[in-house]
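Structure assessment
Residues per chain are reported as follows:
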Amino acid sequence: MNSIFLYGPPGTGKSTIGKILARNLKLPFVDLDRVIESKAGMSIAQIMKQLGEPEFRDMEMAALKDAVGHASGGIDSPDKVIALGGGALLRDENRLFAETQGTVVLLMAELTTLLERLKNETGKRPLLAGDVREKLTSLLQQRREHYSSFAIQVRVDEKPASQNAFQVQMALGRYHLSAMGEYEVIVGKIDRLATLSMQNPVIVTDENIAMLHLKKMESVLRGSGYEPKSVIVPTGEEHKTLETVSRLWKSFLESGLDRKSTVIALGGGVIGDLAGFAASTYMRGIDWVCVPTTLLSIVDASLGGKTGFDLTEGKNLIGSFHPPKLVLADTQMLKTLPEAEFISGLAEVVKHGIIADPELFSLCSRGLECVKDNLAQIVKRAMRVKIRIIEDDPYEKGFRAALNLGHTVGHAVELVSRFQLRHGEAVAIGMVAEAKLAERLTVTGKGLSDTISEVLHHLGLPTQIPKQLPREEIIRAMRVDKKKNAKAIRFALPVEIGRVELVDITDLESVLS
Ligand SMILES: NC(=O)c1ccc[n+]([C@@H]2O[C@H](COP(=O)([O-])OP(=O)(O)OC[C@H]3O[C@@H](n4cnc5c(N)ncnc54)[C@H](O)[C@@H]3O)[C@@H](O)[C@H]2O)c1
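Now for a look at the structure at hand. (Residues numbered from 1 in each chain as written. Predicted model: local features only at pLDDT ≥ 70, side-chain atom pairs only at ≥ 80, totals over all residues. Heavy atoms only, no water.)

Taken together, the neighbourhood of the ligand is formed by 25 residues, with Asp206, Glu237, Thr293, Thr294 and Thr336 sitting nearest. Here Gly269 contributes a backbone N or O atom positioned 2.8 Å from an oxygen atom of the ligand. Considered on its own, the ligand offers 860 Å² of accessible surface; in the complex 88% of this is hidden by protein. Counting only elements with at least two residues in the shell around the ligand, the list comes to α9 (207-223), α11 (269-281), α12 (295-301) and β13 (314-321). At four residues, α9 tops the list of elements feeding residues into the shell around the ligand. When the residues that make up the shell around the ligand are grouped by side-chain class, the tally is eight nonpolar, nine polar and eight charged. (Near = heavy atom within 4 Å. Polar contact = N/O pair within 3.5 Å; in protein donor to acceptor, adjacent residues only side chain to side chain. Areas by Shrake-Rupley, 256 points an atom, 1.4 Å probe, with all protein chains shown as cover. Helix = DSSP H or I, 4+ residues; strand = E, 2+ residues; numbered from the N terminus. Nonpolar A, V, L, I, M, F, W, Y, C, P; charged D, E, K, R; others polar.)

The following block contains the structure:
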């Protein structure tokens, strides 16, 4: 169970932000003060006046327990967003209760912001009756230590409520996707798996990850009473084949998986694609949970519900849409990821910045060390870009094609290099080539390709097509890429940092000139 408790001084917008947050996360919203008022049949001001503060705090405690309920956590756990009164967690008992039932987010703002927001409602706030500035200043002073003791704090000055709700989501690392089904995307510790209710879970992973992270995952699951089984497949794209899928199906059968069982994919994009596909077809589809372990799989492959495997004729030619029940991304796992894999994954992060998040792009422009220092924030921002796009266009009928930025040229370069270039490296080269194309077509002004190229180079990514790769072969590879129709190729071209446009190109020879 992991409800979200919004807490903080009066005027921080707990109720307004809470409603938006609940809508974004598809969770029920509870405004605790309103619940107390409706139960008591009088306003908070009247309760305080007639019954006194200690009685009010008792009512608050009872309402808090009622609001959380006693539902047990599960994949479809009924967590809630609960806006608390400004002193609801002053009692240790209440605080302990909230912290064991979920996560408390403290909202904080400058005194002037709070006063501005409270100017029309002091009558409803008994503790602020009289000189509101003086009362609020003294309340903040009394509670300074208390408020500052909460680990997760979000500043809510001068921003619209929707942006503040987004900041809360960022701080929590929690998103909800409504594309081809409903599922949560959580950036958090792998231990969160312990709170899920699953049946007969089986972990699918590869040889590398098994050595590094399987024991921990098994012990988390054992800690909650599961007896997880594991299937370890060979590492690498060359094993993303029907043979491996078939091996998974057989292992599922041997492990006694039925239609209610859950597959847990612990690994990079290869494992996510394979395990997700095997789950989507085993007994006509069973649940799966995705625990991505590479940067690329966290910000890209784990999101969107695409699963599949390769044929000798080409990558990802066979697949299905089968979203997981949960994506749980633990950035701690990236500590064991080889540096080259990490840098390759950064290309997708930069791509998401170029598509829709200038601040993300700017964070990346500060170089690898800055990225590592701000990894959790960067990952959450990058995930959000993809989540918003796939929510709007789950089946790639329109703007989801924006996510192909850098990929039209990138896929072709990757293929012609015979996969000597990593996917992200090829995408980095592709993004620069496509930005140059955008400049030639005046979709953007001069200089954007240099800006993009500098950031990628600074992060250690290649930006030029290697000389030994024949241009004609790259153009041919673009033409036969499965996603393209015969007459024109649809490119996602950058207009500026934070905005791309879809443009159909017929003259492919011009793409690399
Ligand atoms: N389904 C989608 O929407 C989608 C999107 C993008 C890419 N993909 C697919 O993703 C695949 C590429 O994913 P990838 O880059 O994650 O590659 P990958 O899964 O092959 O992982 C890369 C390497 O890193 C190792 N590794 C993974 N996590 C590790 C960790 N935490 N510590 C140490 N080593 C670790 C793996 O064993 C492997 O050797 C491709 O097959 C691509 O087609 C799918």
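Alright, that's what it looks like, and here's the rest.
Next up on the list: the pairing of strand β14 (residues 326-329). Burial of the side chains of β14 extends over both faces: Leu326 and Leu328 are buried on one face and Val327 and Ala329 on the other. Looking at chain direction, strand β7 (residues 182-187) and β14 are connected through four bridges and run parallel. Residue pairing for β14: Glu184 is matched across the bridge by Leu326. For strand β11 (residues 287-292) and β14, the ladder comprises two bridges, and the chain directions are parallel. Bridge pairing links Val289 to Leu326 in β14. (Buried < 20%, exposed > 50% of the residue type's maximum accessible area, 1.4 Å probe, protein only. Pairing = 2+ DSSP bridges.)

Looking now at the pattern of salt bridges. Applying the stated rule across the entire model yields 28 salt bridges. A salt bridge links Arg57 to Glu53, with the shortest nitrogen-to-oxygen separation between them at 2.9 Å. Remark: Glu53 and Arg57 occur in helix α4 (residues 53-68); sequence separation between them is four residues, near one turn of the helix. When its relative accessible area of 32% is taken as the criterion, Glu53 is described as partly exposed. (Salt bridge = Lys/Arg side-chain N within 4 Å of Asp/Glu carboxyl O.)

To continue, consider the pairing of strand β8 (residues 202-206). Looking down a regular strand, the side chains alternate between one sheet face and the other. Counting buried positions along β8 gives five out of five residues, so the element sits mostly inside the fold. In β8, alternate side chains face the same way, and those of Val202, Val204 and Asp206 on one face and Ile203 and Thr205 on the other are all buried. One crossover worth recording links β8 to the parallel strand β9 (residues 229-233) by way of α9, and it is right-handed. Judged from the four bridges that link them, β8 and strand β10 (residues 262-267) form a sheet pairing that is parallel. Paired with Ile203 across the two strands is Ile264, which belongs to β10. (Right-handed = clockwise from strand over helix to strand, strands pointing away.)

One can find Ser417 in the loop between α17 (407-416) and α18 (423-440). Of note is the side chain of Ser417, whose polar atom sits 3.1 Å from the backbone nitrogen of Leu421.

This paragraph deals with the nonpolar core. If you look at the biggest cluster of nonpolar residues, it comprises 76 residues, and the most contacted ones within it are Val185, Phe252, Val263, Phe342, Val349, Val350 and Met383. In terms of residues, this core owes the most to one element, helix α16 (residues 375-392), which gives nine residues. With near-sequence residues (within four places) excluded, Phe252 lies in contact with Val202, Val204, Leu257, Val263, Ala278, Ala279 and Tyr282. The next biggest cluster of nonpolar side chains, apart from the first, holds 49 residues, and it includes Ala22, Ile36, Met61 and Ala98. (Core = buried A, V, L, I, M, F, W, Y, C linked by side-chain atoms within 4.5 Å. Contact = heavy atoms within 4.5 Å.)

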